[in-house]
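Analysis of the macromolecular model
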Amino acid sequence: MPSLRQLEFAFRSTDIAVGPPGASPGELIIEPAGKMFARYTVETAVLLQTKGRQLLCSLGAKRIATELRVEWNSRLKTAAGRADYRQKLISLNLKLVEHPAEIDRTLRHELAHILAQFRQKSRRQIAPHGPEWQQACRDLGIADEKRCHTLPFPPKRYAPRFIYRCPNCRRDFPRVRKVRRTVACLACCRAHNCGEFDIRFCLKLLTV
Ligand SMILES: [Zn+2]
Ligand SMILES: [Zn+2]
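Here is a short report on the structure shown in this document.

Calculation criteria
Residues numbered from 1 in each chain as written. Chains lettered and ligands numbered in written order. Predicted model: local features only at pLDDT ≥ 70, side-chain atom pairs only at ≥ 80, totals over all residues. Heavy atoms only, no water. Pairing = 2+ DSSP bridges. Helix = DSSP H or I, 4+ residues; strand = E, 2+ residues; numbered from the N terminus. Axes fitted to C-alpha atoms, helices over the stretch in contact; angles between N-to-C directions. Phe/Tyr/Trp six-rings, centres within 6.5 Å; stacked < 30°, edge-to-face > 60°. Lys NZ or Arg CZ within 6 Å of the ring centre and 35° of its normal. Donors = N, O, S within 2.8 Å, 3.2 Å for Na, K, Ca; no water. Tetrahedral: all angles 85-135°; square planar, octahedral: opposite > 155°, others 65-115°. Buried < 20%, exposed > 50% of the residue type's maximum accessible area, 1.4 Å probe, protein only.

With respect to the sheet that holds strand β3 (residues 81-84)
Pairing is mixed across the open sheet formed by 3 strands, whose spatial order is β2-β4-β3. The sheet is open, and its two edges are formed by β2 (69-73) and β3, each paired on a single side. When strand polarity is set aside, the average angle formed by the axes of neighbouring strands in this sheet is 20 degrees. Where β3 meets strand β4 (residues 89-93), 4 bridges bridge the pair, whose relative direction is antiparallel. Paired with G81 across the two strands is L92, which belongs to β4.

A short note on the packing of aromatic side chains
Using the criterion set out here, one finds 0 aromatic pairs in the structure. Over the ring of Y85 we find K88, and its NZ or CZ is 4.1 Å from the ring centre.

Concerning unusual backbone geometry
With a phi angle near 55 degrees, K88 is a residue other than glycine that sits in the positive phi range. Within the secondary structure layout, K88 lies in the loop between β3 and β4.

Topic: the coordination of the zinc ion (ligand 2)
The zinc ion (ligand 2) binds to the protein through C166 (SG), C169 (SG), C185 (SG) and C188 (SG), with metal-donor distances spanning 2.2 to 2.4 Å. One way to put it: the 4 donor atoms around the zinc ion (ligand 2) meet at angles of 105 to 111 degrees, and that makes the site tetrahedral. Sequence spacing of the donors to the zinc ion (ligand 2): C-x2-C-x15-C-x2-C. Linking C169 in the loop between β5 (162-165) and β6 (172-175) with C185 in strand β7 (residues 183-185), this pair joins segments that are 16 residues apart in sequence. Judged by its relative accessible area of 1%, C185 is buried.

Remember that the coordinates give geometry; whether it matters functionally is a separate question.
If you want it as structure tokens, here you go:
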């Protein structure tokens, strides 16, 4: 598994892939670190899922433990995570990768929602952060858990400050942050290099 530093680095590159909020996603092709990041998310989701299932088993929820799935979700905005009891699905905000210390707690917070609902004999929906959830938190080792799901940092909504240009087709790619990786124009890589990364179409930063 790649080191944390590599991951932080790779993670920043996803910022390039999706672009700033509100802007149309630029079509870029990222050097293979993107693949490393994709592999990391798959591997960690499996690990977190295994951990979540073990925790449910150890707390008497064996019946639903094997149904539990954990996914990374890049569409969550400010919420650190989300739990869907019906689907037994925990979604973790992909931005948590930049805050690894928060991942375990978020997993347990969401597990507490699932565990608390499982413990209800009736189908009655319980209050999201009521006494049943608080008890589940205590059982999951996060007795002091707060009710908020928000990420430990504010959402970033900045206007793009950096404009990159493809030297071939002259298309502009506005970005909020400086692009730290070498990226190339996808349209040109597709047109002239079978869709593979090509150094000839690397974006150039225009002076800002
Ligand atoms: Zn919650
Ligand atoms: Zn181009």
